[in-house]
Amino acid sequence: MTNTSAPAATVVTQERKVVTAIPGPKSQEMMKRRNAVVSAGVGAALPVFIENAHGSIVVDVDGNQFIDFAAGIGVTTVGHSNDGVVAAVAEQAGHYTHLCFTVTPYEGYVAVAEQLIKHTPGNHDKRVMLANSGAEAVENAVKFARKFTGKNGVGVIDHAYHGRTNLTMGMNFKNAPYGTGFGPLGNSVFRAPSSYPFHDGLSGAEAAKRTLSYFEKIVGAEDLACIFMEPIQGEGGFVVPADGYLAAIQEWCTANNVVFVADEVQSGIARTGDYFATTNMGVVPDMMTVAKGIAGGMPLSAVVGRADIMDSVHVGGMGGTYGGNPVACAAALSVFEQLEDGKLFAEAKRIEKTLGGGLRQLQEKYPVIGDVRGRGAMLAIELVQPGTKDPNPDAVKKVIAYGAQHGLLLLSAGSYYNVLRFLPAVTTSDALLEDALSVLDEALASL
Ligand SMILES: *Cc1c(COP(=O)(O)O)cnc(C)c1O
C-alpha cells in the first residue's frame, strides 16, 4: 500500500453499537487465519479484529463498536488515534524514522528526557534513559541500581508485576502463567509481603514494618541493590497501598543505600489524575520506570533517576537499537504538550467521580463487589463470594463475557483473577461512562 498523503481521518462515532454476534463472522474468519500462523502462546482477551479506533471506541471488522475500558492495557490514555499524536507521528516520519540515538543523537530524545525530569517527583538532579517497553525499563533500572550500589539483590513485593523478560518474569508475584515452563529465571530476587488494605487491614506503617522486617531477614540491606514497587499495583489488581506505606519503605531504603524504584509503567502519565501516582503520595523515588501511556500508543519507555545513580554506569553500558525511537519520542512530546495545562488530569479525576461513584452504587446493590478502589482513570472492583473476602474469579469471567457481547471491552486483573480493572482513556465522556455502568449493572444482575 502506498501512502503519499496524510491518512484520511476515519470518523468513529463515540457510541456503543453491537450489530452481530460477538465475535462476528469476519472476526471469526480472521481468528482462523490468526490461529493458523500465530503462536498459541499469544492470547486474545476479546477475539474480535479491530478496523478503527478513535477516542474511547474501538470498531471491529464486522462494524461492532465497543466502549474501550482496556485502552491497550492503559496505553492510549489520551484516546485512540489522538489527533496530536497522529500528527506528530506523521510529521516526524517525514523527517526520519530511525537513527539509533547511540549512533547519532536527535532532539526528540533529549526533549522527552527534559519533560520527564521536569514532571517526575523531586527537584534533585536527574538523568534519563529511554527504551522500548516497560520490562526493558525495569531491566535497565536493575542494571543502574546494581552498578551504583555494587550489590545484587532485587526486592519485590507480593502481587507485583514487572514484565515478561527473563529477569522481570522472576520479579513477578505470579510465576503462573508468566513464568511457567520458562525457567530458570533470574535469581537474586527477594519477595516480601505488601500492603493490601482490603485484605490485611494494616496501616501503612504496620504494613511497611512487615515488609521491611521480611527483607531484613531474607536478604538484608547489605545485599539489596534496590526495591521495586508499583505505587498502585497494576496486574495485581489496582491495589492502592495504605497511606504512608511507600514513604516508610523509601525512608528505609535511603538509610540503607538501597535504591527505591517506583514502577510507574501502568500508573504514570495522567492515569491517576496527575503526571504520576507518586506525585501525590509523599514519596520521591530514587528511580522511576515509565512506559504504557507515555507515547499515546507508540512503544516507548524510560528510566528516570537520580543523576548520581544514572551516571554511575560506564559509557556504552546502556543502549539498544531502538530505545527512544524518534517517532515514539515525537508522539510522547505531543502527549506531554497535551498534559501541560492540567485539563487531562481534571478529566481523570472526573472519571474517578463518575465511574468510581457509579461503581460504589453498584457495590451497594451487589454484594459480589467486595471492594471498589483506584485513582483517577485507574479503577477496579474486586469480586468476592458474597459475605466473605474469598476470590470470585468465576464472576469476573462472566461479567467480562457479558460486556463483550454488549459492546464493553473489559480486562481482568488480580493474583486470583478476581478483579475487574477499568482503564478508559481520560477523555471518555460521562455519557459513555454511564452507558458502560449500565452494562455492568446488567452483567452483575445476570450472575
Ligand atoms: C505492563 C507493565 C510492565 C511491563 O511493560 P511491557 O511494556 O509490557 O514490557 C512493567 N511494570 C508494570 C507495572 C506494568 O504494568
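These numbers were taken from a predicted model, which means no experiment stands behind them. (Residues numbered from 1 in each chain as written. Predicted model: local features only at pLDDT ≥ 70, side-chain atom pairs only at ≥ 80, totals over all residues. Heavy atoms only, no water.)

Focus: the site of the ligand
To keep it simple, the criterion reads: If even one non-hydrogen atom of a residue comes within 4 Å of a molecule or strand, that residue is called near it. In the analysis that follows, any N or O atom pair within 3.5 Å is treated as a polar contact, provided that within protein one partner can donate a hydrogen and the other can accept it, and provided that, for residues neighboring in sequence, both atoms belong to side chains. A 1.4 Å probe and the Shrake-Rupley method give the accessible areas. Residues count as covered only by the protein chains that appear here. Three classes are used, and their members are as follows: Ala, Val, Leu, Ile, Met, Phe, Trp, Tyr, Cys and Pro are nonpolar, Asp, Glu, Lys and Arg are charged, and the others, Gly among them, are polar.
The environment of the ligand is formed by Ser133, Gly134, Ala135, Tyr161, His162, Gly163, Glu230, Asp263, Val265, Gln266 and Lys292. In the environment of the ligand, an oxygen atom lies 2.7 Å from a nitrogen or oxygen atom belonging to the backbone of Gly134. Between the ligand and Asp263, the relevant distance is 2.7 Å, taken from a nitrogen atom to a side-chain nitrogen or oxygen of the residue. Burial of the ligand by the protein amounts to 82% of the accessible area it has alone, namely 380 Å². When the residues that make up the shell around the ligand are grouped by side-chain class, the tally is 3 nonpolar, 5 polar and 3 charged.

Topic: the packing of helix H13 (residues 393-405) against helix H14 (residues 430-445)
Selection rule: As a rule, the C-alpha atoms of each element are fitted with a line to give its axis, helices using only the stretch in contact, and angles between N-to-C directions run from 0 to 180 degrees. Helix and strand definitions here come from DSSP, where helices need a minimum of 4 consecutive H or I residues and strands a minimum of 2 consecutive E residues; each element is numbered from the N-terminal end. We call two directions roughly parallel when the angle between them is under 35 degrees, roughly antiparallel when it is over 145, roughly perpendicular when it lies between 65 and 115, and oblique otherwise. Each crossing is labelled by how the near helix is turned from the far one, with a counterclockwise turn of less than a right angle marking it left-handed and a clockwise turn marking it right-handed. Contacts are residue-level and defined by heavy atoms, with any inter-residue pair within 4.5 Å sufficient.
Across the interface, H13 lies against H14 with an axial gap of 9 Å and an inter-helix angle of 130 degrees. One finds that H13 runs oblique with respect to H14. For H13 against H14, the interelement crossing comes out right-handed. Here Val399, Tyr402 and Gly403 of H13 come into contact with H14, specifically with Val439, Leu440, Glu442, Ala443 and Leu444. Split into classes, the residues belonging to the contact of H13 with H14 amount to 6 nonpolar, 1 polar and 1 charged.

Brief notes about the domain arrangement of the protein
What counts is decided by this rule: Each domain span listed reflects an automatic or database assignment of domains. Once two parts are joined, some of their accessible surface, as seen by a 1.4 Å probe, is lost; buried area is that loss totalled over both.
For the protein, the assigned domains read domain 1 (25-68 + 343-446) and domain 2 (88-339). The C-alpha-based centres of domain 1 and domain 2 are spaced at 26 Å. Domain 1 puts 29 residues into the contact, and the matching count from domain 2 is 27 residues. For the pair domain 1 and domain 2, the two sides together bury roughly 2400 Å², of which 60% comes from carbon and sulfur.

Some remarks on the pairing of strand E11 (residues 369-375)
For clarity, the threshold we go by: The cut-offs for exposure are 20% and 50% of the maximum accessible area for each residue type, with area from a 1.4 Å probe on protein chains only; residues under the lower value are buried, those over the upper are exposed, and the others partly exposed. Pairing between strands is defined by DSSP: at least two bridges between the two strands are required.
Among the 7 residues that make up E11, 6 are buried, leaving the element largely enclosed by the rest of the structure. The hairpin formed by E11 and strand E12 (residues 378-383) contains 2 residues between the paired strands, and Gly376 there has a positive phi angle of roughly 60 degrees.

Brief notes about unusual backbone geometry
The omega torsion of the bond from Ala176 to Pro177 falls at 5 degrees, within 30 degrees of zero and hence cis. Along the chain, Pro177 turns up in the loop between helix H6 (166-171) and strand E6 (189-192). Look at the link from Gly183 to Pro184: it is a cis peptide, with omega at 5 degrees. If you trace the backbone, Pro184 turns up in the loop between H6 and E6. Although it is not a glycine, Ile73 adopts a positive phi angle of roughly 65 degrees. Here Ile73 shows up in helix H2 (residues 71-74). Judged by relative accessible area, which is 34%, Ile73 ranks as partly exposed.

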